[in-house]
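Examination of the molecular architecture
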2 protein chains.
Amino acid sequence: MTIADTNSWRGIQAELLRRINEREWLPGSLVPSEADLAIEFGCARATVNRAMREMADAGLLDRKRKAGTRVALHPTSRVVLDIPIIRLEVEQRGAEWRYSLIESSAEPASLALTSRLGLPRDSEMLHVRSLHYADNRPFLHEDRWINLDLLPHVRSVDFSAISANEWLIQNAPYTAGDISFSAMGADAGLADLLDAPEGAALFVIDRITWDKDRPVTAVRLSYAPGYRMNTKI
Amino acid sequence: MTIADTNSWRGIQAELLRRINEREWLPGSLVPSEADLAIEFGCARATVNRAMREMADAGLLDRKRKAGTRVALHPTSRVVLDIPIIRLEVEQRGAEWRYSLIESSAEPASLALTSRLGLPRDSEMLHVRSLHYADNRPFLHEDRWINLDLLPHVRSVDFSAISANEWLIQNAPYTAGDISFSAMGADAGLADLLDAPEGAALFVIDRITWDKDRPVTAVRLSYAPGYRMNTKI
């Protein structure tokens, strides 16, 4: 590129990218201020700001209000996922939602689960399993454990009338959650429920929500084959 | 609950949840101001604010700076994912990253791809396939197409020396991206590359990035079995 290019914000951006790429500016190093760069390139400060904003959004620059801007050590893409309640997710896809309770019973939770949740061994939790349908085709299997210590009155809820997903959103606020996404082969039981071949690749979301330090619920959502979760960067 | 409960922010939150749940406050309706609620509950405005903040974060209330607060129409969980470059993702897992180029060649892209990208039919694109390893075990397969119209100089890059993922982050800024997550059974080729059984459930990320309206690259990342993408709500 030539010096003339730095009259536009894209030209300036290309020059800044070159300096990062060719390690004139090392990862983690402090970048000159917008005011100084504007003087260097002979342009408005707003033009430099425009060039740097996208680079910050793309994770190439680290902007700190007081400490200035540094070349990022770890370039990342930031993705925001808005996970709606299941009924709305189905309806947003233009399909009719239907829900069917498989079982709801108080049971001792597995050691793996109680230790993950920090609950006493053999704690009784409410185990609720259900199927959500889109246009009468299985959409996902909801396999949920609810903390009866925190929500004792959940024992009396009729989960054939309202999904546990929806009831909890309306009745059990949480302060934090751990979520993980993975792929899993359908075992015989899930394959049967989801009307899929055994071993079919399923998209799985595991989520644990916490109210302060107390677990609210742990849920595994196993989506029928072909599901895609779409979003934008 | 009794009136006494509304002395604490959690009591107030329970009361607000009850009003939403029992549809005293309908979805989409305007909620009284914090000042009015503070008078109603006989508490400090900060206490009301504390109660409502979590409900807003949980997607139950919709706060607009000027238009006031409304009951959300679509309660959602908001999840932020920071997707690092692959090398760093491997290193953050405490493993050693290694990379191996499978092929890099200019080829006519499929009709499905060119039409998705808005490129002329049979456009030639750079097809780069590679494997990323963690501690010498296959971590993911990167199958990428790069827009040669936008990035003609990419033809001369040696992708056995730098991964396409890393080169693009350093050289090709983007303004927007579409991303989707899904699960896919491994075909024979992928199973062989990833050292997995044929049909194994793979976690897949498809990503297309755009520079203004022009496509930069389309990539499919297929992770070896057992991969989990973890984050927090």
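Here the structure is a predicted model, which is why all the values come from computation and not from measurement.

1. Comments concerning the sheet that holds strand 4 (residues 97–108) of chain B
Note on sheets: strands pair through backbone hydrogen bonds, and any given pair is parallel or antiparallel. Strand order in the open sheet made by the seven strands is 10(A)-7(B)-8(B)-9(B)-6(B)-5(B)-4(B), with antiparallel pairing throughout. With one partner strand each, in any of the chains shown, strand 10 (228–232) of chain A together with strand 4 of chain B form the two edges of the open sheet. Taking the axes of each pair of neighbouring strands and ignoring which way they run, one obtains an average angle of 15° across the sheet. The pairing of strand 7 (residues 176–185) of chain B with strand 8 (residues 201–211) of chain B spans 10 bridges and is classified as antiparallel. The partner of B:Ser182 across the bridge, within strand 8 of chain B, is B:Val204.

2. Digging into the sheet that holds strand 8 (residues 201–211) of chain A
The antiparallel open sheet is built from seven strands, whose spatial order is 4(A)-5(A)-6(A)-9(A)-8(A)-7(A)-10(B). Looking at strand neighbours, the two that pair on one side only are strand 4 (97–108) of chain A together with strand 10 (228–232) of chain B, the edges of this open sheet. Neighbour to neighbour, the strand axes of the sheet diverge by 15° on average, direction disregarded. The sheet contact formed by strand 5 (residues 124–134) of chain A and strand 6 (residues 137–147) of chain A spans 10 bridges and is antiparallel. Among the inter-strand pairings, A:Leu131 is bridged to a residue of strand 6 of chain A, identified as A:His141. The strands touched by helix 6 (residues 164–171) of chain A are strand 4, strand 5, strand 6, strand 8 and strand 9 (214–223) of chain A; relative to strand 6 of chain A, the strand with the most contacts, the crossing angle is about 45°.

3. Points about the nonpolar core
Counting 40 residues, the largest nonpolar core has A:Leu81, A:Phe181, A:Phe203, B:Leu81, B:Phe181 and B:Phe203 as the members making the most contacts within it. In this structure A:Phe203 touches A:Phe181, A:Ser182, A:Leu221, A:Ser222, A:Tyr223, A:Tyr227, A:Met229, B:Phe181, B:Ser182, B:Ala183 and B:Phe203, once residues within four positions along its chain are discounted. Core analysis: the next-biggest nonpolar cluster, separate from the first, contains 21 residues, A:Leu16, A:Trp25, A:Phe41 and A:Leu61 among them.

4. Points about the relation of the copies chain A and chain B
When chain A is brought onto chain B, the operation consists of a screw motion whose angular component is 180° and whose axial shift is 0.0 Å, with 0.2 Å RMSD remaining. Each copy turns onto its partner about a two-fold axis. Interface overlap between copies: 98% of the residues of chain A at the interface are likewise at the interface in chain B, consistent with a symmetric, same-surface contact.

5. So, the interface of chain A and chain B
With 55 residues of chain A in contact, the opposing surface of chain B contributes 54 residues. Taking both sides of the interface into account, the surface hidden between chain A and chain B amounts to around 4800 Å²; carbon and sulfur atoms contribute 52%. There are six salt bridges connecting chain A and chain B. One salt bridge connects A:Asp178 with B:Lys232, and the closest N-O pair in it is separated by 2.7 Å. At the boundary of chain A and chain B, one finds 12 residue pairs in polar contact (both at pLDDT 80 or more). Counting only elements with at least two residues in the side of chain A that touches chain B, the list comes to helix 1 (9–21), helix 3 (45–57), strand 3 (76–84), helix 4 (86–92), helix 6, strand 7 (176–185), strand 8 and strand 10 of chain A.

6. Brief notes about the packing of aromatic side chains
Taken as a whole and judged by the stated rule, the model has 18 aromatic pairs over all chains. Geometrically, the ring pair formed by A:Phe181 and B:Phe181 is stacked, given 6.4 Å between the ring centres and 15° between the ring planes. Taken together, the positions of A:Phe181 in strand 7 and B:Phe181 in strand 7 put the pair across two chains. Seen in terms of ring centroids, A:Phe203 and A:Tyr227 are 5.6 Å apart; in terms of plane orientation they differ by 40°. Their pairing is tilted. On the criterion of sequence distance, the pair formed by A:Phe203 in strand 8 and A:Tyr227 in the loop between strand 9 and strand 10 is long-range, its members being 24 residues apart. Neither A:Phe203 nor A:Tyr227 differs from the other in exposure class; each is buried. Counting every residue linked through ring pairs, the aromatic cluster contains A:Phe139, A:Phe181, A:Phe203, A:Tyr223, A:Tyr227, B:Phe139, B:Phe181, B:Phe203, B:Tyr223 and B:Tyr227. Its end group placed over the ring of A:Trp9, A:Arg50 keeps NZ or CZ at 4.0 Å from the ring centre.

7. Details of the pattern of salt bridges
Applying the stated criterion across every chain yields a total of 30 salt bridges over all chains. For B:Arg144, the salt bridge identified is with B:Glu142, shortest N-O distance 2.7 Å. Looking at B:Arg144, the relative accessible area reads 3%, which means it is buried. The network of salt bridges with shared partners includes A:Glu15, A:Arg19 and A:Glu40.

8. Comments concerning the side chain of A:Glu34
All names here are of chain A. Secondary-structure assignment places Glu34 in helix 2 (residues 34–41). A distance of 3.1 Å separates a polar atom in the side chain of Glu34 from a polar atom in the side chain of Arg63. Not counting the four nearest positions on each side in its chain, Glu34 is found in contact with Arg45, Val48, Asn49, Met52 and Arg63.

9. Describing the packing of helix 2 (residues 34–41) of chain B against helix 3 (residues 45–57) of chain B
Residues and elements named next belong to chain B. Direction vectors running N to C along helix 2 and helix 3 enclose 110°, while the axes themselves pass 8 Å from each other. As the angle between them shows, helix 2 and helix 3 are arranged roughly perpendicular. In this structure, the crossing between helix 2 and helix 3 has a hand that is right-handed. Counting all contacts with helix 2, which are made through Glu34, Ala35, Leu37 and Ala38, the residues of helix 3 involved are Arg45, Val48, Asn49 and Met52. In terms of residue class, the contact of helix 2 with helix 3 is made up of five nonpolar, one polar and two charged.

10. Points about unusual backbone geometry
Look at A:Asp195: it is not a glycine, yet its phi comes out positive at around 60°. Phi is positive for B:Asp122, which is not a glycine, with a value near 65°. By secondary structure assignment, the location of B:Asp122 is in the loop between helix 5 (111–117) and strand 5 (124–134). Accessibility expressed as a relative area gives 53% for B:Asp122, which makes it exposed.

What counts, and at which threshold
Counting from 1, residues in each chain are numbered in the order their sequence is written. Here every chain gets a letter starting at A, and every ligand a number starting at 1, in the order they are written. Given that the model is predicted, a residue must reach a pLDDT of at least 70 before its local features are reported, and side-chain atom pairs must reach 80 or more before they are shown or counted; all residues, however, enter totals for whole chains, interfaces and linings. As a rule here, side-chain values cover all heavy atoms of the structure and leave hydrogens and water aside. Strands were regarded as paired on the criterion that DSSP finds at least two bridges between them. For the purposes of this entry, the term helix denotes a DSSP run of H or I that reaches at least four residues, the term strand denotes a run of E that reaches at least two, and both are numbered from the N terminus. In this analysis an axis means a line fitted to C-alpha atoms, helices contributing only their contacting stretch, and an angle means the value between N-to-C directions, from 0 to 180 degrees. We call two residues in contact when some of their heavy atoms are within 4.5 Å. Nonpolar cores were defined as sets of buried Ala, Val, Leu, Ile, Met, Phe, Trp, Tyr and Cys residues, with membership established by side-chain atoms within 4.5 Å. Accessibility here uses a 1.4 Å probe with only protein chains present; expressed as a share of the type maximum, an area under 20% marks a residue as buried, one over 50% as exposed, and anything in between as partly exposed. The copies were overlaid by least squares, fitting only the C-alpha atoms of residues that reach a pLDDT of 70 or more in each copy. The quantity reported as buried area is the accessible area (1.4 Å probe) lost by two parts once they are put together, taken as the sum for both. Any carboxyl oxygen of Asp or Glu within 4 Å of a side-chain nitrogen of Lys or Arg constitutes a salt bridge here. As used in this structure description, the phrase polar contact means that two N or O atoms lie within 3.5 Å; if the pair is within protein, one of them must be able to donate a hydrogen and the other to accept it, and residues adjacent in sequence are counted only when both atoms belong to side chains. Side-chain rings of Phe, Tyr and Trp (the six-membered ring for Trp) are treated as a pair once their centres are within 6.5 Å; stacked means planes under 30 degrees apart, edge-to-face means over 60, and tilted covers the remaining angles. Note on geometry: a ring has a charge over it if NZ (lysine) or CZ (arginine) is within 6 Å of the ring centre and within 35 degrees of the ring normal. If an angle is under 35 degrees, it is roughly parallel; if it is over 145, roughly antiparallel; if it lies from 65 to 115, roughly perpendicular; otherwise it is oblique. Handedness of a crossing is defined here by the sense of rotation of the near helix relative to the far one, left-handed for an anticlockwise turn of less than a right angle and right-handed for a clockwise turn. The classification used treats Ala, Val, Leu, Ile, Met, Phe, Trp, Tyr, Cys and Pro as nonpolar, Asp, Glu, Lys and Arg as charged, and all other residues, Gly among them, as polar.

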